[in-house]
Amino acid sequence: TGLYNRRHFKDNLEREFLRAIRYKSELSLAILDIDFFKKINDSYGHSAGDYVLKEIAYLILQTFRKTDMVFRIGGEEFAIIITETPIEKAVVPLERLRKMIDEYPFNCNGNDYNVTVSIGVSEVTKYMESVHQFFEEADKALYKAKSNGRNQIQTNL
């Protein structure tokens, strides 16, 4: 995908979290998970899964600003650190991205298929005590999106 990995994500997230706390700036974090990714690999092969990962990485990079940071943090999980942005404004490009992925014409080896994503979003608040809590809030929101039917965005608000 050409994206930074989980270790780079952890380092950057901690730095941005501490900066947001110190300077009372706005910071949002999105965690994106490809819905039913295993089914893509099982139905169309791992080359199709790799293709989906690369295309989604490309779509994320096209959607967000150069000042935002995009990472692949797991098999089919991505994280986006959205700097200087409160959660209600972070949801705008995230919803645009979610719709773009849902409507994107994924085609690999002559097979057309639909891909959707679930997204959880959190923002730094004055009540947060650690970067771990910031990440956990986004992760909980992601699981809420998945349990509510997938292909949607949920926040920690």
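Residues numbered from 1 in each chain as written. Predicted model: local features only at pLDDT ≥ 70, side-chain atom pairs only at ≥ 80, totals over all residues. Heavy atoms only, no water.

### Observations regarding the overall build of the protein chain
Next, step 1: The helix and strand inventory of the protein chain stands at five helices and seven strands.
Next, step 2: For 157 residues, the compact-globule formula gives about 15 Å, and the C-alpha radius of gyration of the protein chain, at 15 Å, lands near that figure.
Next, step 3: Principal-axis analysis of the C-alpha atoms places the extent of the protein chain at approximately 50 × 30 × 20 Å.
Next, step 4: By residue count, 51% of the 157 residues in the protein chain fall in the buried class.
Next, step 5: Computed over 22 positive and 23 negative side-chain charges, the inter-centroid distance for the protein chain is 3 Å. (Helix = DSSP H or I, 4+ residues; strand = E, 2+ residues; numbered from the N terminus. Rg over C-alpha atoms; globule rule 2.2 N^0.38 Å. Buried < 20%, exposed > 50% of the residue type's maximum accessible area, 1.4 Å probe, protein only. Lys, Arg positive; Asp, Glu negative; His and termini not counted. Charge placed at Lys NZ, Arg CZ, Asp CG, Glu CD.)

### Some points on the environment of glutamate 123
Next, step 1: Within the secondary structure, glutamate 123 sits in strand β6 (residues 117-123).
Next, step 2: Accessibility expressed as a relative area gives 16% for glutamate 123, which makes it buried.
Next, step 3: Considered as a pair, glutamate 123 and alanine 90 are 33 residues apart in the sequence and their alpha carbons are 9.2 Å apart.
Next, step 4: Residues contacting glutamate 123, with those up to four places away along its chain left out, are Leu27, Ser28, Pro86, Ile87, Met128, Phe134, Asn156 and Leu157.
Next, step 5: Within the structure, glutamate 123 has its side chain in polar contact with the backbone nitrogen of isoleucine 87 (distance 2.9 Å). (Contact = heavy atoms within 4.5 Å. Polar contact = N/O pair within 3.5 Å; in protein donor to acceptor, adjacent residues only side chain to side chain.)

### Considering the side chain of threonine 116
Next, step 1: With respect to the helices, strands and loops of the structure, threonine 116 is situated in the loop between β5 (111-113) and β6.
Next, step 2: Here aspartate 35 takes part through its side chain, which lies 2.7 Å from a polar atom of the side chain of threonine 116.

### Observations regarding the packing of helix α3 (residues 46-63) against helix α4 (residues 87-103)
Next, step 1: Put simply, α3 and α4 touch, their axes get as near as 10 Å, and they point 145° apart. α3 and α4 meet at a crossing whose hand is right-handed. For the pair formed by α3 and α4, the contact residues are Ile56, Leu59, Ile60 and Thr63 on the first element and Pro93, Arg96, Leu97, Met100 and Ile101 on the second. (Axes fitted to C-alpha atoms, helices over the stretch in contact; angles between N-to-C directions. Left-handed = near helix turned anticlockwise from the far one by under 90°.)

### Considering the nonpolar core
Next, step 1: Core analysis: the biggest nonpolar cluster contains 32 residues, and Ile34, Val52 and Ile56 have the highest contact counts within it.
Next, step 2: For this core, the secondary-structure elements that each account for two or more residues are β1 (27-34), α2 (37-44), α3, β3 (77-83), α4, β4 (106-108) and β6.
Next, step 3: When residues of this core are assigned to their parent elements, the largest contribution, eight residues, is made by α3.
Next, step 4: Those residues within four positions of valine 52 in sequence are excluded, and the remaining contacts are Ile34, Phe37, Ile40, Phe106, Tyr113 and Val115.
Next, step 5: By size, the runner-up hydrophobic cluster in this structure holds 18 residues, among which are Phe17, Ala20, Leu27 and Ile73. (Core = buried A, V, L, I, M, F, W, Y, C linked by side-chain atoms within 4.5 Å.)

### Brief notes about the pattern of salt bridges
Next, step 1: For the structure on display, the rule yields eight salt bridges.
Next, step 2: Glutamate 16 is the partner of arginine 15 in a salt bridge, and the nearest nitrogen-oxygen pair spans 3.7 Å.
Next, step 3: What you see here is one network of salt bridges that share partners, running through Asp33, Asp35, Lys146 and Arg150. (Salt bridge = Lys/Arg side-chain N within 4 Å of Asp/Glu carboxyl O.)

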